[in-house]
Amino acid sequence: MITERRSITFFNPTKEVPDELIKEILEVSATAPSGYNLQPWKVVVVKDKEKKRQLKDICYGQQKVEDAS
């Protein structure tokens, strides 16, 4: 799996990720191991177009931030 990994640099802005799939991804990722089993991560799901635009500005203008589903 590691050797097949790649970095995605563009997204189709018309594609939507269903809420159920987002929920499933978050539930499965919460089972990933972490140091001392602390699970120190925080996840924010941003779907609002205006909020994504604001986030893009914070992320050095990377268009993929605004385009990502």
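Residues numbered from 1 in each chain as written. Predicted model: local features only at pLDDT ≥ 70, side-chain atom pairs only at ≥ 80, totals over all residues. Heavy atoms only, no water.

**Q** I keep staring at a nonpolar patch on the surface and nothing clicks. Help me out?
**A** Together, L26, W41, V43 and V45 make up an exposed nonpolar region whose accessible area comes to about 340 Å². Along the polypeptide, W41 turns up in the loop between α1 (19-29) and α2 (49-58). (Patch = residues over 30% accessible without salt bridge, like charges linked within 9 Å, V, L, I, M, F, W, Y side chains within 5 Å. Areas by Shrake-Rupley, 256 points an atom, 1.4 Å probe, with all protein chains shown as cover. Salt bridge = Lys/Arg side-chain N within 4 Å of Asp/Glu carboxyl O. Helix = DSSP H or I, 4+ residues; strand = E, 2+ residues; numbered from the N terminus.)

**Q** Explanation requested: the environment of E66 in the structure shown.
**A** By the element assignment, E66 lies in helix α3 (residues 63-67). Sequence-wise, E66 and R53 are 13 residues apart; in three dimensions their C-alpha atoms are separated by 5.5 Å. When residues no more than four places from it in sequence are discounted, the contact partners of E66 are K52, R53 and K56. (Contact = heavy atoms within 4.5 Å.)

**Q** In this structure, what is going on with the side chain of K52? I would like to understand it.
**A** Position of K52 among the secondary structure elements: in helix α2. The buried charged residue K52 lacks any salt bridge partner; its closest oppositely charged side chain belongs to D67, at an N-O distance of 7.2 Å. Polar contacts involving the side chain of K52 include one to the main-chain carbonyl oxygen of A68, which spans 2.5 Å. For K52, the contacting residues outside a window of four places in its chain are V46, K47, V65, E66, D67, A68 and S69. (Buried < 20%, exposed > 50% of the residue type's maximum accessible area, 1.4 Å probe, protein only. Lys, Arg positive; Asp, Glu negative; His and termini not counted. Polar contact = N/O pair within 3.5 Å; in protein donor to acceptor, adjacent residues only side chain to side chain.)

**Q** Help me out: how do you make sense of α2 in this one?
**A** Side chains of residues three or four places apart in an α-helix project in the same direction, reflecting 3.6 residues per turn. For α2, the N-terminal cap is D48; the gap from its side-chain oxygen to the backbone nitrogen of E50 is 3.1 Å. Just past α2, the residue Y60 takes up positive phi, approximately 60 degrees.

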